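# Structure at a glance
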Amino acid sequence: MQQDIEASKSWKREWMPTTPSRASLVLLHQIHFYDLLLKDMGLPHFRKSNPLAEAFMPYESADYNGVIAPIGQAIKDTAPEA
């Protein structure tokens, strides 16, 4: 886990150098972080309907519709019966 943290820090420092305008680069990191979370949860991290949209269109909240339902179902499936 420590290696993952150090790799993430290194990547962030590479892509978001200390500059007054670095806040404008935060979205780039958010998408990377969301991709990692989706992969960790075993969900597909490509959220667009086709490869061209995936490559050229920005992500919107609607692209993440349907993420919560599989998580809720997994929780129900693993919960002990009352």
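Source: prediction; values computed, not measured. (Residues numbered from 1 in each chain as written. Predicted model: local features only at pLDDT ≥ 70, side-chain atom pairs only at ≥ 80, totals over all residues. Heavy atoms only, no water.)

### Regarding the overall build of the protein
Rules: Runs of H or I in DSSP of at least four residues are treated as helices and runs of E of at least two as strands, each being numbered from the N terminus. Classification of residues uses two cut-offs on accessible area relative to the type maximum, computed with a 1.4 Å probe and protein chains only: under 20% is buried, over 50% is exposed, and between them is partly exposed. Throughout, a residue-residue contact means that at least one pair of heavy atoms, one from each residue, lies within 4.5 Å. Here the Shrake-Rupley method, with its probe set to 1.4 Å, supplies the accessible areas, and only the displayed protein chains count as covering residues.
A count of helical and extended segments in the protein gives four helices and zero strands. Ordering the α and β elements of the protein from the N terminus gives α-α-α-α. Every one of the 82 residues in the protein was classed for burial, and the buried ones make up 17%. In the protein, once contacts between residues fewer than 6 apart in sequence are set aside, the share between residues at least 24 apart is 26%. When the accessible surface of the protein is split by element, carbon and sulfur atoms take 62% of a total near 7,000 Å².

### Notes on the packing of aromatic side chains
Definition in use: Here a pair means two rings of Phe, Tyr or Trp (six-membered ring of Trp) with centres within 6.5 Å. Their orientation is stacked below 30 degrees between planes, edge-to-face above 60, and tilted elsewhere. Distance and angle both matter: a charge sits over a ring if NZ of Lys or CZ of Arg is within 6 Å of the ring centre and within 35 degrees of the ring normal.
All told, the structure shown has three aromatic pairs when counted by the stated rule. Relative to Y64, the ring of Y34 lies with its centre 5.7 Å away and its plane at 75 degrees, an arrangement referred to as edge-to-face. Within this pair, whereas Y34 is found in helix α2 (residues 26-40), its partner Y64 is found in the loop between α3 (51-56) and α4 (68-78), the two being separated by 30 residues in sequence. A centroid spacing of 5.7 Å and a plane angle of 35 degrees characterise the contact between Y59 and Y64, whose relative ring orientation is tilted. Clustering of aromatic rings is evident, with ring pairs tying together F33, Y34, Y59 and Y64. The ring of Y59 has K48 sitting right over it, with the charged end atom 5.4 Å from the ring centre.

### Here's the deal with a nonpolar patch on the surface
For the record, the criterion: To count toward a patch, a residue needs a relative accessible area over 30% and no salt bridge; like charges are then connected within 9 Å, while nonpolar side chains (Val, Leu, Ile, Met, Phe, Trp, Tyr) are connected within 5 Å. The salt bridge criterion pairs a side-chain nitrogen of Lys or Arg with a carboxyl oxygen of Asp or Glu, the two atoms within 4 Å.
Together, F33, Y34, L37 and M41 make up an exposed nonpolar region whose accessible area comes to about 370 Å². Summarising the element assignment, F33 is placed in helix α2.

### What to know about the environment of W11
By secondary structure assignment, the location of W11 is in helix α1 (residues 2-15). Exposure remark for W11: the relative accessible area of 24% places this residue in the partly exposed category.

### Description of the confidence of the model for the protein
Note the threshold: As a per-residue measure, pLDDT reflects the predictor's confidence and takes values from 0 up to 100.
Of all residues in the protein, 85% attain a pLDDT of 70 or more, and the chain-wide mean is 80. Of all secondary-structure elements in the protein, the lowest mean pLDDT belongs to α4, at 75, while α3 reaches the highest, 91.

### Describing the pattern of salt bridges
All chains considered together, the criterion is met by one salt bridge. Between K48 and D63 there is a salt bridge, with the nearest N and O atoms lying 2.8 Å from each other. Residue K48 is found in the loop between α2 and α3, and its partner D63 is found in the loop between α3 and α4; the two are separated by 15 residues along the sequence. Judged on exposure class, the residue K48 and its partner D63 are both buried.

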